[in-house]
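Listed below are the residues making up each chain.
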Amino acid sequence: MGTVKQTIIPIKQIDRVLNPIHEATGMPNEAYTNPEYFNFERDHVFSNTWVCVGFASDLIKNGYVMPIDFMDLPLLMMKSRQGEVKVFHNVCSHRGMKLVHEAGEVQGMIRCPYHSWTYDLNGSLKGTPHLGGIGKHNDERFACEKHGLKAIRSAIWMDMVFINLSGEASSFDEHIAPLTQRWQEFLGDDGLSLLRRANMGGHLEIEVKSNWKLTIENFCEAYHLPWVHPALNTYSKLEDHYNIMFDERFSGQGSYKYNLSDTAGTHLPKFPSWPEEKLRHAEYVALFPNVLIGIQADHAFAMMIDPISTDKTIERLRIFYISDEATKDEYAACRTATLESWRVVFGEDIGAVEGMQQGRYSPGFGGGAFSPEMDTPTHFFQIWLAKQVKSVTEA
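I will try to describe carefully the structure that is included in this document.

What counts, and at which threshold
- Position numbers for residues start from 1 in each chain and track the written sequence from start to end.
- Where local features are concerned, this predicted model is filtered to residues with pLDDT of at least 70; where side-chain atom pairs are given and counted, the filter is 80 or more; whole-chain, interface and lining totals use all residues.
- The side-chain numbers reported here are obtained from all heavy atoms of the structure, hydrogens and water having been left aside.
- In these notes, a set of buried Ala, Val, Leu, Ile, Met, Phe, Trp, Tyr and Cys residues joined through side-chain atoms within 4.5 Å is what counts as a nonpolar core.
- Three exposure classes are used, based on accessible area relative to the maximum for each residue type with a 1.4 Å probe and protein chains only: buried under 20%, partly exposed in between, and exposed over 50%.
- Whether two residues are in contact is decided by their heavy atoms, any of which lying within 4.5 Å being enough.
- What makes a salt bridge here is a side-chain nitrogen of Lys or Arg within 4 Å of a carboxyl oxygen of Asp or Glu, nothing more.
- Every helix listed is a DSSP run of H or I at least four residues long, and every strand listed is a run of E at least two residues long, numbered separately from the N terminus.
- What counts as an axis is a line fitted to C-alpha atoms, over the stretch in contact for a helix, and the angles between N-to-C directions run from 0 to 180 degrees.
- In this scheme the handedness of a crossing depends on how the near helix is turned from the far one: anticlockwise by less than a right angle means left-handed, clockwise means right-handed.
- Ten residue types, Ala, Val, Leu, Ile, Met, Phe, Trp, Tyr, Cys and Pro, are classed as nonpolar, four, Asp, Glu, Lys and Arg, as charged, and the remainder, Gly among them, as polar.
- The disulfide criterion is simple: two cysteine sulfur atoms within 2.5 Å.

Section: the nonpolar core
- Among the nonpolar cores identified, the biggest contains 102 residues, and M27 and M160 are the most heavily contacted of them.
- Among all residues touching M27, those that are not within four sequence positions of it are I9, I14, V17, Y32, Y37, G367, Q382, L385, A386 and V389.
- Core analysis: the next-biggest nonpolar cluster, separate from the first, contains 16 residues, M78, C92, C112 and L149 among them.

Here you go:
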């Protein structure tokens, strides 16, 4: 885990990102195209904070396991027999063999395919065949309790599974508090507990040929709406939007007049605490580094931005509806219309983020400029990133 070498991103280029917006440039091309910098972000930016690596409801029953490769790190989400979700490094403690290759229900134990060591769904090492010699499966020189799977600090919020690889971030409750406080007026005290995923549909997996940062930067601003999202701009116009920035690691945009229900004819149960005079309000917030969240009166969505490589990202979207009532068959058409509206919106963004990625290979682009009014949430994200990079380089 080295620092960013000066040959990749000179500190003066980082400093230019931190300038006032009318004088700032964005992160340089190397931040989007260089594999060495991609690994630096994993080891020093992502690992030091809370990042989303999956969704708890994808673990469909107790005893279910799901392997994840997050930025080339082999991880394993597991739901114990008691229903507790944990995240472990997906490697056997013996010789480092990758343990689980496919998601599924574990009937007995997790067995390493190399030497058949076995682990229970709490990560404890339970079986070590022939450890002490042929037919001798235990050895007094070896303490199984010291060699279980390596757990990773984790938390679940809004169905998203977050991890902190370094183990040194503040508590997740503290981490998310600024957002829960902001949305108190919309969701009340128990709004998040009412979120439900419907059995059919309600999720999208979109692969884009771009760096993960461009999907965040694009989401943060509404500036591109009239040209990239003509349909969305009919029921949530550019002029009806406002910028959102708070607590250093949250930014995005809101709408005063989000109106899909009239446009698509949807009628879904609403958050009981949502203010009647703000039923057309919607907010779209990026939680740095890799989560995009949207709330409307009658549904919410969470998107995990999964960085695969410098120029490949998978957007993993889950849509949630309000209360068990919303999952009934009578609302199926409304749920489908809601999902399809977002499929169109996020599909339209593909060309934008891929076009920006292609442009990052041009020597004629040096980080670009920002609109002093329209790009403030995007610059806010870049400031956060630049500060993370600078603190590591200077240390």
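Comments concerning the pattern of salt bridges
- By the definition in use, this model includes 18 salt bridges.
- Residue K328 pairs with E325 through a salt bridge whose shortest N-O separation is 2.9 Å.
- Given the relative accessible area of 40%, K328 is considered partly exposed.
- Salt-bridge contacts for R343 lead to E340; the nearest nitrogen and oxygen are separated by 3.1 Å. Here R343 and its partner E340 are both found in helix α10 (residues 332–359), three residues apart, which amounts to about one turn of the helix.
- Through salt bridges with shared partners, a single network forms among D58, R197, E205, D306, R316 and R318.

Looking at the packing of helix α6 (residues 212–220) against helix α11 (residues 376–394)
- For the pair α6 and α11, the least separation of the axes is 7 Å and the interaxial angle reads 145 degrees. Here the hand of the crossing between α6 and α11 comes out right-handed. In this structure, α6 uses W212, K213, I216, E217 and C220 to contact α11, whose residues at the interface are P377, T378, F381, Q382 and L385.
- For the contact of α6 with α11, the class distribution of residues is six nonpolar, two polar and two charged.

Some thoughts on unusual backbone geometry
- Omega for the bond connecting F288 with P289 falls within 30 degrees of zero, at 10 degrees, which places this linkage in the cis form.
- Mapped onto the secondary structure, P289 falls in the loop between β15 (282–287) and β16 (291–296).
- One non-glycine residue, E248, adopts positive backbone phi at about 70 degrees.
- Here E248 shows up in the loop between β13 (241–246) and β14 (250–255).
- Given a relative accessible area of 54%, E248 falls into the exposed group.

Quick word on the state of the cysteines
- Applying the stated criterion across every chain yields a total of zero disulfides.
- Its sulfur unpaired, C52 is 16 Å from the next cysteine sulfur, which belongs to C220.
- Here C52 falls in the buried class, since its relative accessible area comes to 0%.
- The closest cysteine sulfur to the non-disulfide-bonded C112 is located on C92, 3.9 Å from its own sulfur.
- With relative accessibility at 2%, the residue C112 sits in the buried group.

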